[in-house]
Structures are given as C-alpha cells and as structure tokens.
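Per-entry structural report
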Amino acid sequence: MDPVSRRDFLKYAAAATVSGGLAVACSSSTPQPRFITPSDPEIAARDRAPASSAAVVPMALSARPVTVDLGGVVANTWAFGTTAVGPEIRLKAGERLRAEVANDLPVGTTIHWHGIAIRNDMDGVPVLTQPPISPGQTFVYEAVMPDPGTYWYHSHSGLQLDRGLSGPLIIEDPNESLHYDHEWTVFLKDWMDGVTGTPDDVFRELTAGMGGMSGMPGMPAPRYMLTDGESALLGGDAGDVKYPYYLVNGRIPADPPQFAAKPGDRARLRIVNAGADTAFRLALGGHELTVTHTDGYPIEPVRADALLLGMGERYDALVTLKDGVFPIVASAEGKNGRALAIVRTGPGELPPVDVPVAELDGRIPMAWDMSAMEADRLPPRDITRALDVRLTGSMSPYTWSIDGVPFDPNSVESNRYGVRSGERVRISWRNDTDMWHPMHLHGHTFELSESGARKDTVIVLPRTTIATHFDADNPGVWAFHCHNSFHQDSGMMGSVSYEI
C-alpha cells in the first residue's frame, strides 16, 4: 500500500481512446466508424430461438430497502427479497427468461445477467444498453438463455452490487452428461452494508486518499480500507476493502447453511464469487474436488484441493462425499476472514468456525492451468482484430482506468474499442498496475490463448498480460470492466462496440 510503489496512471489523448484500439490511429480526414446501437434490428435478431418455440420462464424481482438476517446479525440493505441473496433463477438452455423488475429503491437501478451472451438491449448496463430503471418504475428483461452453465445476476448501477442486489442464475443443460446425486449452489459474498457502513461510505474513504491510513501523524485509522492484506496467489495486495463478514448463501459462519447427503453420494457444487472486493479460496475439508466447468463452460476435468475465485468467476466441481460432518470453507484471500457452509452425511458436531482445513494449502489450479473440452473450443482462425487494453491507475490517488482514461458514465463513447461482426478478436489485457484485476467481458465468452479455457472473467495479475480471443458474433455495445466494484466505479471500464 506504499504510494511510492504505485505508478501514476498515464493519460492518453481522448482521440486515441475513441479510435477503438485499432492498430493505426485515424487521422482527422479518415471517416469515423458508425456503431450499432441497442435499438438496431440486429440486436433483436440475436435471440437464438423464435418467441413461438421457446418456453417462457417468468420471474418477478423487486429491488427495495429491506432488513435482512445474516444469521444473528441484522443489516439494513437493498435486496431483491428478504434475504441477502436474491432468489435462484433456474431454467433450461433455449428457454426464454421474462424477468419483471420493479424498482422500489430511492435511486435508479438495472440488472445485468452475468456471463450470458444474450441480446444487447437486455444486458442491463446504464448508458450503454438502457437508461436506469427509475424509482417507482418497472422494466421487463426478456431474452432466450442460449448456453447452459452456472451464472448470476446483479445490479450494474454504481456500487449496488456491494449490497444484497445479486443472486444465482442456473441454466440447465438438457443433454447433461455429468452424473451426480445432489446439486448445491455455493454463493459467496463479502458483506459490510448496514453493519459497519455502506458501499458509498467505503468509496468516500478510498477516494479521500492514502492520508487516512493508520500510522500517519494526526490521521485516524482507516475504517474500511484494507492496509495489511497480502496474497502470493494474487501477486501482492489482496484487495482494497476490509469486511466484517463473509457469507455463503447469505449466512455468516456462526450460522452456516447446511447441505445434507449420504456417504458415497456424489455432489455437484456450483460456486459463484459475488463479492465486490474479495477473492475466495474454497475447499471442502477432507475431500478432493474434480473441477468440471469454469464460467459456465466445460473443461477437461482437473483434480484440485482448493479453488481460487476472483470476483465474478464461477467454477463447478464434483465431489464424492465421505461419512461425517465437513466444512466448506471459503477463505477471504489475504483478508483474515472466511465464509462457511456445512456438508452433513452422518451424525456429529458442527466444526468450529476456525476449523483447520489442510486442503486450502493444497493444489489450487488457476484458469490458465485448465483447457476447454474439445467440443467447446473455438475453431482455429487467424486474428483479424487485435485490441490491446491497458489496465491503469493507482491507490493514491484512488483512480482506476483503461489506457489512463477513467470511464465517463455519461458517455457511450467513453473508452470505446471497435470490432466488426464475423471477426476473430484478440484482447490482450495488460496490467500496468500493482493490483490484480478480475476482468469481465459482457455478451461473449473468450478463450484463454495459452490454455484454451472458455471464460468471461479472468484474473490479471499485477504487471502481467493475459491474451484472450473471441468471435464477434453478438452485435451491440458491450461493457468490459474490472469486477472489483470500487475499481469499476472509479473508472476501470470500457466497451467493445460493433461497427456498422
């Protein structure tokens, strides 16, 4: 957290950003490209099944101020129901979700369907794809859910993700090849809203500067800023924010959720990191995991003792259960805290909250150690568009950006990169900062160029570059951003926009 070790971000001219990441910058006499908008006919044509043939799954969601019980701790927050996690939405690939969202909040809101390649006008990003849903108003999101997998939904407005405005979204595979007896969703969250403050309180402290750090003469100790969190797996600093609680399915470790089964049963874990600033290292005590999917897509099975999930990432894993009572521990990476759930296959006492779990220090495969199943790999093609995206910024001042330019939430042209339908696009995520960033691309999955794993969110370690590629087959204006909520809100966001 030493400000001397943080590079000051470099500011590029606005014209270089608007050029869309092209290899050759446009001169003043070069015609500027025109871009598809969410209202263009190409967007509605994106649905892969006609309305007449797709079964409709209705869902009603109401975003509103509520008081939730986290398991003996009461918090005033904003949520989609009466708990800290929104209702699980479940449907089959090829079915149409019709979600009626009522906004009973005092401010505007939207919902983003994270990881799903739906039509652009249903993606839920303010300014880029829709105006915010105003207080007292209702908006209907309707789109075919094309691909099976483990996904989630969340508000994409300001720092609302760091409240209770998120939930799991499971798209079942009609031709599922995995065999298991139980399927359990493990929804991970860092939590402070309504307990020690609000996300807006946190952001104010972060943007006030490093002067609030403890140990400086005349300065009070920071209330929210993480000053001592380190992680070798994340390349240094663990995150920016300290939280009083970490949750599994909306419950604190003192009152954990429990999953029941029999010895010898096989369970499928669908694990989602819905946190705002926390990576989780997850293990099931006394068991080995077989990882089968990342970000919804199948991979060649990988054996693991534990998994590390950045914000926005998902993993599916199979496990054959032993006899007894076992902890699912999600350690808040570098933050000296944990979330907890219990697997019970027989009688026995609940393990203590701080139960040692040796698997947390065992084999932890990363996304770049995984490979997509052959049927899910992108076919070999030449790259026809190369986008070099620089992740820039610093803790002091607290400003995060793309290519040195913070995203302007009032401008659809802010940090825009152009592509054309049919192109094979390479994005090189170059991290010029001393922090790690989980980078998420909307509307597409990309393939990691080194390993072939298909993902929509990938950890980019400090001072490293991750090369990814995808096929431009979903027209629209698609956000990409760091899934650290505070980095995103500070400006580490841009868009991949389709040219006409």
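Quick note: structure is the one above.
Bear in mind that the values here come from a model prediction, so they are computed numbers and not experimental data.

Reading the values: rules and limits
- Residues numbered from 1 in each chain as written.
- Predicted model: local features only at pLDDT ≥ 70, side-chain atom pairs only at ≥ 80, totals over all residues.
- Heavy atoms only, no water.
- Salt bridge = Lys/Arg side-chain N within 4 Å of Asp/Glu carboxyl O.
- Helix = DSSP H or I, 4+ residues; strand = E, 2+ residues; numbered from the N terminus.
- Buried < 20%, exposed > 50% of the residue type's maximum accessible area, 1.4 Å probe, protein only.
- Phe/Tyr/Trp six-rings, centres within 6.5 Å; stacked < 30°, edge-to-face > 60°.
- Lys NZ or Arg CZ within 6 Å of the ring centre and 35° of its normal.
- Pairing = 2+ DSSP bridges.
- Axes fitted to C-alpha atoms, helices over the stretch in contact; angles between N-to-C directions.
- Contact = heavy atoms within 4.5 Å.
- Polar contact = N/O pair within 3.5 Å; in protein donor to acceptor, adjacent residues only side chain to side chain.
- Core = buried A, V, L, I, M, F, W, Y, C linked by side-chain atoms within 4.5 Å.

1. A look at the pattern of salt bridges
Tallied over the full model, the rule gives 37 salt bridges. In this structure, R268 engages E176 in a salt bridge whose closest nitrogen and oxygen atoms are separated by 3.0 Å. Here R268 is found in strand 14 (residues 266–273), whereas its partner E176 is found in the loop between strand 8 (166–172) and strand 9 (182–191), with 92 residues between them in sequence. Since its relative accessible area comes to 2%, R268 is described here as buried. Residue E176 is classed as partly exposed on the basis of its relative accessible area of 28%.

2. A look at the packing of aromatic side chains
Here the structure, examined in full by the defined rule, presents 13 aromatic pairs. Here the aromatic rings of Y246 and F280 are separated by 6.0 Å at their centres, their planes lie at 80°, and the arrangement is edge-to-face. Highlighted residues: Y246 in strand 12 (residues 245–248) and F280 in strand 15 (residues 280–284), separated in sequence by 34 residues. Directly above the ring of W78 sits R163, whose terminal nitrogen or CZ lies 4.0 Å from the centroid. Above the ring of F35, the side-chain terminus of R416 is found at 3.9 Å from the ring centroid.

3. With respect to the sheet that holds strand 6 (residues 138–144)
Strand order in the open sheet made by the 4 strands is 2-1-4-6, with mixed pairing throughout. Only two strands of the sheet have a single neighbouring strand rather than two, namely strand 2 (74–79) and strand 6. Pairwise comparison of adjacent strand axes, ignoring direction, gives a mean angle of 30° for this sheet. Where strand 4 (residues 96–103) and strand 6 come together, 7 bridges link them in antiparallel fashion. Its bridge partner being in strand 6, A102 is matched across the sheet by T138.

4. Remarks on the pairing of strand 5 (residues 111–114)
Here strand 5 shows no split at all, with I111 and W113 on one side and H112 and H114 on the other all buried. Relative to strand 7 (residues 149–155), strand 5 runs antiparallel, the two sharing 4 bridges. Each bridged residue has a counterpart across the sheet, and for I111 the counterpart in strand 7 is S155.

5. Focus on the sheet that holds strand 21 (residues 337–344)
One open sheet accounts for 5 strands, arranged 13-21-20-15-18; its pairing is mixed. The open sheet has two free edges, formed respectively by strand 13 (258–260) and strand 18 (307–309), since each of these has just one partner strand. If you compare each strand with its neighbour and ignore which way they point, the axes differ by 20° on average. Judged from the 5 bridges that link them, strand 15 and strand 20 (residues 325–332) form a sheet pairing that is antiparallel. Paired with F280 across the bridge in strand 20 is A332.

6. A closer look at the pairing of strand 9
With 9 of 10 residues buried, strand 9 is to be regarded as a mostly interior element. Inspection of the sheet shows strand 9 paired to strand 14 by 7 bridges, in the parallel sense. Each residue of the ladder has a partner; that of F187, found in strand 14, is V272. Sheet topology places strand 9 next to strand 12; 4 bridges connect them, and they run antiparallel.

7. Side note on the environment of P58
Along the chain, the position of P58 falls in strand 1 (residues 56–69). By relative accessible area, P58 is classed as exposed at 62%. Between the C-alpha atom of P58 and that of L91, which follows or precedes it by 33 residues, the distance is 9.9 Å.

8. Things to note about the environment of G491
Take G491: it is sitting in the loop between helix 4 (485–490) and strand 32 (493–498). On the basis of relative accessibility, which here comes to 1%, the residue G491 falls in the buried class. Sequence-wise, G491 and I402 are 89 residues apart; in three dimensions their C-alpha atoms are separated by 7.5 Å. Apart from the residues within four sequence positions on either side, G491 is in contact with W400, S401, I402, V405, P406, F407 and N415.

9. Things to note about the side chain of S155
You can see S155 is positioned in strand 7. With relative accessibility at 3%, the residue S155 sits in the buried group. A polar atom in the side chain of S155 sits 3.2 Å from the backbone nitrogen of S157. Here the side chain of S155 touches Q160 through a polar contact of 2.8 Å, side chain to side chain. Every residue in contact with S155, bar those within four places of it in the chain, is listed here: T109, T110, I111, Q160, L161 and L165.

10. Considering the nonpolar core
For soluble globular proteins, the rule of thumb is that nonpolar side chains tend to be buried together. Counting residues in each nonpolar core, the largest one holds 75 residues, and the members touching the most others are I427, W429, F480 and F486. No other element matches the 4 residues that strand 20 contributes to this core. With sequence-adjacent residues up to four places away left out, I427 is seen in contact with L387, V389, L441, I466, A467, T468, F470 and V496. Counting 27 residues, the second largest nonpolar core, distinct from the first, contains I116, I118, M145 and Y297.

11. Concerning the side chain of T433
Summarising the element assignment, T433 is placed in the loop between strand 25 (424–431) and strand 26 (437–441). There is a polar contact of 2.8 Å between the side chain of T433 and the side chain of N431. Only 3.1 Å separates the side chain of T433 from the backbone oxygen of M435, close enough to count as a polar contact. Residue contacts for T433: discarding those within four places in its chain leaves L391, T392, G393, W400, P462 and R463.

Remember that the coordinates give geometry; whether it matters functionally is a separate question.
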